[in-house]
Amino acid sequence: MSEVIKDIIQKEIVKSLGKNIAHGLLKLAPRVGKTKIGIDIIKKEKAVSILWVTPNTQLRDVDIPNEFRRWNAKTYLKKTTIICYNSLINHKGNYDKIILDEYQDLTDKNAKPLLDGTIKYRSILGLSGTHPEHEEKHFLYRLLKLDTLYEISINKAVELGLIADYTINVVQCKLNDVDKNIEAGNKFKRFFTTEQANYNYLTKRIAQAMLLEPEKEMMLNLARMRFIHNSPTKLEVAKYLFDKLTGRKIIFASNIKQSKEFTKHLYNSKTKKTHLEKFLAGKINDLACVNAGGIGFTYKNVDNFIVMQANSDKKGNITQKICRSLVLQENYKATIWMICLLDTQDEIWVQKALKNFKASSINYVNFNNI
């Protein structure tokens, strides 16, 4: 029944665009079928030349061509050039239709050929489930005259039965204020301090910089961010969860070094796809990723998703990671775990990262009670 509903809604979206050439943004929750909708619009408009811009090589070389074949659009596949966003800056050409897949990846830099006429086009269609909050990106969309044409939120998609329902467990923990296991100081004098003391020092320095040394504020904010990402407490909690949770599981760590603490089955920017493909095929039951794997992949029969680190989600990358779990399956409800350091900037990041999800589906759990 869900596939019938999805088909009806997809047709409704295409129909809502009318007889005009579609130029603008479709904000569609992950798993609604935005690639098929993009292909249906191409077919409807009978586009004669298409440039499809996408985030990664897996989508470029495998997934998108397969979608064209799946939806009886081989003729249009022959007319389509598929590239990644990092190649857009050097691309030239004249196209009837440009598809910006995951349009939040468009930047001032890679959009230059679209703005200066190096790439000529009749219309642009942006597809994404995670509309970015960056004002500079909104300005870019305005320059390209990309207004919102249709929108389905994550929670609306759950309500319509297009994606799986979910529970998000926010595991709260506190910085260690006892063990002096954090190396601090400068190149002339090094010493060890507690996590809590080091966090307090960095926060104090940021406050001072805002008033007295604004040129140092960004550097200090980055230092505090890296400190939170690499918190020994957060790693300890994540390792406990990863070992305790049963069934098939995937964790998104803060960095590659950290990901190696969980399993030998890794997928990141430095690895091949061997373990990813085995996990997708059900041949292994755990996988550790960082950012690669967070967009464009469908993970089925996964019992637990763990996201170690939130951010303000201005580009939607945390929403994308969570939505990898929302694959509609029989008798399935997604379970997501997110780790949060109390009384730190981490709490603010978690709050912002979860703004697109139902409050009634979010549980706050103290680590000591697990």
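Residues numbered from 1 in each chain as written. Predicted model: local features only at pLDDT ≥ 70, side-chain atom pairs only at ≥ 80, totals over all residues. Heavy atoms only, no water.

*Asks:* Where do I start with the packing of helix H10 (residues 217-229) against helix H15 (residues 345-353) in this structure?
*Replies:* With their axes 10 Å apart at the nearest point, H10 and H15 run at an angle of 80 degrees to one another. One way to sum up the angle between H10 and H15 is to call them roughly perpendicular. Along the contact surface, H10 presents Arg-224, Met-225 and Ile-228, while H15 presents Gln-345, Asp-346 and Trp-349. Split by residue class, the contact of H10 with H15 holds 3 nonpolar, 1 polar and 2 charged. (Axes fitted to C-alpha atoms, helices over the stretch in contact; angles between N-to-C directions. Helix = DSSP H or I, 4+ residues; strand = E, 2+ residues; numbered from the N terminus. Parallel < 35°, antiparallel > 145°, perpendicular 65-115°, else oblique. Contact = heavy atoms within 4.5 Å. Nonpolar A, V, L, I, M, F, W, Y, C, P; charged D, E, K, R; others polar.)

*Asks:* Which parts of the structure should I look at to understand the pattern of salt bridges?
*Replies:* For side chains of opposite charge, pairing can occur when their charged atoms come near one another. Applying the stated criterion to the full structure yields 19 salt bridges. We note a salt bridge from Asp-165 to Lys-358, for which the minimum N-O separation is 3.2 Å. With a gap of 193 residues between them, Asp-165 in the loop between helix H8 (154-159) and strand S7 (166-173) and Lys-358 in the loop between H15 and strand S15 (362-366) connect regions that are remote in the sequence. We classify Asp-165 as partly exposed; its relative accessible area is 29%. The shortest N-O distance in the salt bridge between Lys-174 and Asp-343 comes to 3.7 Å. Residue Lys-174 is found in the loop between S7 and strand S8 (182-185), and its partner Asp-343 is found in the loop between strand S14 (334-341) and H15; the two are separated by 169 residues along the sequence. Taking relative accessible area as the criterion, Asp-343 reaches 55% and is therefore assigned exposed. Here the residues in one salt-bridge network are Lys-34, Asp-101 and Glu-102, joined through shared partners. (Salt bridge = Lys/Arg side-chain N within 4 Å of Asp/Glu carboxyl O. Buried < 20%, exposed > 50% of the residue type's maximum accessible area, 1.4 Å probe, protein only.)

*Asks:* I keep staring at the environment of Thr-319 and nothing clicks. Help me out?
*Replies:* Tracing the sequence through the fold places Thr-319 in helix H14 (residues 317-323). Since its relative accessible area comes to 1%, Thr-319 is described here as buried. The spatial distance from the C-alpha of Thr-319 to the C-alpha of Pro-30 is 9.3 Å, given a sequence separation of 289 residues. Setting aside its immediate chain neighbours within four residues, Thr-319 contacts Thr-130, Ile-154, Asp-313, Ala-353, Asn-356 and Phe-357.

*Asks:* What should I look at first to understand the pairing of strand S2 (residues 50-54) in this one?
*Replies:* Walk down a regular strand and you will see the side chains alternate between the two sheet faces. Of all 5 residues making up S2, 5 are buried, and the element is well covered by its neighbours. Across the two faces of S2 the burial is the same, with Ile-50, Trp-52 and Thr-54 and Leu-51 and Val-53 all buried. When S2 meets strand S3 (residues 80-84), the two strands line up parallel, connected through 5 bridges. Note on S3: the bridge partner recorded for Thr-54 is Cys-84. Across 4 bridges, S2 lies against strand S4 (residues 93-101) in parallel orientation. Across the sheet, Ile-50 pairs through a bridge with Lys-97, a residue of S4. (Pairing = 2+ DSSP bridges.)

*Asks:* Would you explain the side chain of Thr-233 in this entry?
*Replies:* Within the secondary structure, Thr-233 is located in helix H11 (residues 232-244). Looking at Thr-233, the relative accessible area reads 10%, which means it is buried. Excluding residues that lie within four positions of it along the chain, Thr-233 makes contacts with Cys-173, Lys-174, Leu-175, Asn-176, Glu-195 and Leu-341.

*Asks:* Could you clarify how one ought to interpret the sheet that holds S7 in this entry?
*Replies:* Reading across the sheet, the 7 strands line up as S11-S12-S10-S13-S14-S7-S15 and stay open at both edges, with parallel pairing between neighbours. Edge positions in the sheet fall to strand S11 (266-267) and S15, since each has one partner strand and no second. Pairing of strand S10 (residues 249-252) with strand S12 (residues 286-289), which is carried by 4 bridges, proceeds in the parallel orientation. Note on S12: the bridge partner recorded for Phe-252 is Cys-289. Each of S7, S10, S12, strand S13 (304-307) and S14 is contacted by H11, which is oriented at about 160 degrees to S14, the strand it contacts most.

*Asks:* Would you explain unusual backbone geometry in this entry?
*Replies:* Negative phi is the rule for most residues except glycine; trans is the rule for most peptide bonds. Located in the positive-phi region is Asn-72, a residue other than glycine, with phi close to 55 degrees. For Asn-72, the location among the structural elements is in the loop between helix H3 (57-70) and helix H4 (74-77). Using a relative accessible area of 68% as the deciding quantity, one classes Asn-72 as exposed. Located in the positive-phi region is Asp-343, a residue other than glycine, with phi close to 60 degrees.

*Asks:* Is there a simple way to explain the packing of aromatic side chains in this structure?
*Replies:* The description of two aromatic rings rests on the distance between their centres and on the angle between their planes. Applying the stated criterion across every chain, the model contains 7 aromatic pairs. Look at Tyr-299 and Phe-305: their rings are 6.2 Å apart centre to centre, the planes differ by 70 degrees, and that puts the pair in the edge-to-face class. Here Tyr-299 falls in the buried class, since its relative accessible area comes to 0%. Take Phe-305: its relative accessible area is 2%, and that puts it in the buried class. An aromatic cluster of three or more residues is present, and its members are Phe-279, Tyr-299 and Phe-305. We note Lys-36 situated over the ring of Trp-71; from NZ or CZ to the ring centre the distance is 4.9 Å. Taking NZ or CZ as reference, Arg-248 lies 4.2 Å from the ring centre of Phe-279, over its face. (Phe/Tyr/Trp six-rings, centres within 6.5 Å; stacked < 30°, edge-to-face > 60°. Lys NZ or Arg CZ within 6 Å of the ring centre and 35° of its normal.)

*Asks:* Sorry, what's going on with the sheet that holds S3 here?
*Replies:* Working definition: the strands of a sheet are paired by backbone hydrogen bonds and lie parallel or antiparallel to each other. Judged by pairing direction, the sheet is parallel, and its 6 strands sit side by side in the order S3-S2-S4-S5-S1-S6 without closing on themselves. The open sheet has two free edges, formed respectively by S3 and strand S6 (148-152), since each of these has just one partner strand. For this sheet, the mean angle separating the axes of adjacent strands, direction not counted, is 15 degrees. Note: S4 against strand S5 (residues 119-128), 8 bridges, orientation parallel. By the bridge assignment, Tyr-95 is partnered in S5 with Tyr-121. Of the strands in this sheet, strand S1 (24-28), S2, S4 and S5 touch helix H2 (residues 34-45), which is tilted by about 145 degrees from S5.

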